[in-house]
Amino acid sequence: MGLLRRRKDKPGTLRTASRGDLAHLDEFLHTRSGVEAFVEPRTTVTDTTILLVASTGEWTRRRVDGPDGAADFAKKNKIPIYAIEQVGYPQRMRDWNARKKAAGD
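The sections below set out a description of the structure shown in this document.

## Remarks on the overall build of the chain
Each helix and strand counted, the chain has four helices and four strands in total. Order of helices (α) and strands (β) in the chain, N terminus to C terminus: α-β-β-β-α-β-α-α. Across the 105 residues of the chain, 30% fall into the buried class. When the accessible surface of the chain is totalled, it reaches about 7,300 Å², and 53% of it is carbon and sulfur.

As structure tokens, then:
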């Protein structure tokens, strides 16, 4: 019976980064080339996230432990990091999304 229980966060609290989030980011980073990181600020419904974008435009997003967590991840992995509110979303990501939409994915 305990296996069916889901972890319930307190209503009104933000979910922070987990080991699974970081494992997913590591997997994405090490299986794609030309990956750059973009920090997305905390909102009322989502904690700080890091957006990884490969040279192809393929991307993934996961929660991190604040802007410092994003900076630490980028530094540890020696990848460039940008503040999304300063540079915007990269064109290659928008192109990737458009190609996926056109293909019906």
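## A few points about the pattern of salt bridges
A full pass over the atoms with the stated rule returns four salt bridges. Its salt-bridge partner being Glu58, residue Arg32 comes within 2.9 Å of it at the nearest N-O pair. Here Arg32 is found in the loop between helix H1 (19-31) and strand E1 (36-40), whereas its partner Glu58 is found in the loop between strand E2 (49-53) and strand E3 (59-63), with 26 residues between them in sequence.

## Considering the side chain of Thr60
With respect to the helices and strands, Thr60 occurs in strand E3. At a separation of 2.5 Å, a polar atom in the side chain of Thr60 contacts the side chain of His24. The residues contacting Thr60, other than those within four sequence positions of it, are His24, Leu25, Phe28, Ile50, Leu51 and Leu52.

## Points about the packing of aromatic side chains
Per the stated rule, a full pass over the model turns up one aromatic pair. Here Phe38 and Tyr82 contribute two aromatic rings whose centre-to-centre distance is 5.3 Å and whose plane-to-plane angle is 35°, an arrangement assigned as tilted. One end of the pair, Phe38, is in strand E1; the other, Tyr82, is in strand E4 (residues 81-83), with 44 residues separating them in the sequence. For Phe38, a relative accessible area of 4% puts it in the buried group. Judged by relative accessible area, Tyr82 falls into the partly exposed class, the value being 30%.

The rules behind the values
- Here the residue index of a chain counts from 1 through its sequence in written order.
- Totals for whole chains, interfaces and linings use all residues, but because this is a predicted model, local features are given only for residues with pLDDT of at least 70 and pairs of side-chain atoms are given and counted only at 80 or more.
- Side-chain measures here rest on the full set of heavy atoms in the structure, leaving out hydrogens and waters.
- Strands here are runs of E lasting at least two residues and helices are runs of H or I lasting at least four, both read from the DSSP assignment and numbered beginning at the N terminus.
- Buried, partly exposed and exposed residues are distinguished by accessible area as a fraction of the type maximum, computed with a 1.4 Å probe on protein chains only: under 20%, between the cut-offs, and over 50%, respectively.
- Surface accessibility in these figures is a Shrake-Rupley result with a 1.4 Å probe; residues are shielded only by whichever protein chains are displayed.
- For this analysis, a salt bridge means a side-chain nitrogen from Lys or Arg found within 4 Å of a carboxyl oxygen belonging to Asp or Glu.
- Polar contact is defined as a pair of N or O atoms within 3.5 Å, subject to the rule that within protein one atom must be able to donate a hydrogen and the other to accept it, and that residues adjacent in sequence are counted only when both atoms are side-chain atoms.
- Here, residues are in contact when the closest pair of their heavy atoms is within 4.5 Å.
- Side-chain rings of Phe, Tyr and Trp, where Trp is taken by its six-membered ring, are said to pair if the distance between their centres is within 6.5 Å; with planes under 30 degrees apart they count as stacked, over 60 as edge-to-face, and otherwise as tilted.

What is shown is where atoms sit, not what they do.
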